[in-house]
Amino acid sequence: RGVRRRGGVRGDRGMSDAQKIPPYSIVEMTNRHPRFYELVGPLLSRREVAQDLGAPVWDDDDKTWFAAVAGDVVIGMVAVRRKEVCSFYVAPAVRGEAVGYALLRAALRVLPASRATATDASRPLFERFGFESHGRRGRYHTMRRDIAK
């Protein structure tokens, strides 16, 4: 495989199209950002996203969003509110390609969170950032980490 970096894959000779990550950038925004609804809106309105997460994701005023944007398409997003990662999603086509890692790293550098809600699939990624499971709420793991260190 090629060397991963924010912005896609470098050195992708010999990789199939399915293995290549599209060039992307991570954009920090709130729902007041001039392009928020243009970029994130289509993702939030997709039925398969709500089904994958178990509920719709709302554009609350108190959330700060980090979106992985490839061209004009959001391929992943994370939202943080009051020290909690409250929304996290990566498009199926780029899962396992470090997009989620890059998103979570960017978000936690700017807004250190001590709590998160994770699915079974995202739990190992949250654990890489020091979160520990403190029980379940339905299909979700309630995750916590000490940020006072």
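Before reading on, note that the structure itself is shown above.
(A) Fine view of the overall build of the protein. Of the regular secondary structure elements, the protein holds five helices and nine strands. Along its sequence from the N terminus, the protein presents helices and strands in the succession β-β-β-α-α-α-β-β-β-α-β-α-β-β. Scored against the burial criterion, the 149 residues of the protein give a buried share of 46%. Within the protein, counting contacts between residues at least 6 apart in sequence, those at least 24 apart form 51% of the total. Per element, the accessible surface of the protein, about 8,400 Å² overall, is 48% carbon and sulfur.

(B) Quick peek at helix H4 (residues 99–110). Taking 1.5 Å per residue, twelve residues should reach 16 Å; H4 reaches 17 Å between its end C-alpha atoms and fits that length. Looking at the buried residues of H4, the elements they touch are strand E3 (25–29), strand E4 (64–70), strand E5 (73–81), strand E6 (84–90) and helix H5 (123–128).

(C) How the structure looks around unusual backbone geometry. One non-glycine residue, Arg82, lies in positive phi territory at about 45 degrees. Residue Arg82 is classed as exposed on the basis of its relative accessible area of 62%. Located in the positive-phi region is Lys83, a residue other than glycine, with phi close to 65 degrees. Summarising the element assignment, Lys83 is placed in the loop between E5 and E6.

(D) Geometry of the nonpolar core. Core analysis: the largest hydrophobic core is formed by 28 residues, its most contacted members being Val85 and Phe126. For this core, the elements supplying multiple residues, two or more each, are E4, E5, E6, H4, strand E7 (115–118) and H5. Considering every element that reaches this core, the biggest residue donor is H4, with seven residues. Val85 has contacts with Val78, Ala79, Val80, Leu104, Leu108, Ala113, Arg115, Ala116, Thr117 and Phe126, leaving out every residue within four places of it along the chain. Within the second largest apolar cluster, 17 residues are counted, among which are Phe36, Leu39, Val40 and Val49.

Scoring rules and cut-offs
Residues numbered from 1 in each chain as written. Predicted model: local features only at pLDDT ≥ 70, side-chain atom pairs only at ≥ 80, totals over all residues. Heavy atoms only, no water. Helix = DSSP H or I, 4+ residues; strand = E, 2+ residues; numbered from the N terminus. Buried < 20%, exposed > 50% of the residue type's maximum accessible area, 1.4 Å probe, protein only. Contact = heavy atoms within 4.5 Å. Areas by Shrake-Rupley, 256 points an atom, 1.4 Å probe, with all protein chains shown as cover. Expected span 1.5 Å × (residues − 1). Core = buried A, V, L, I, M, F, W, Y, C linked by side-chain atoms within 4.5 Å.

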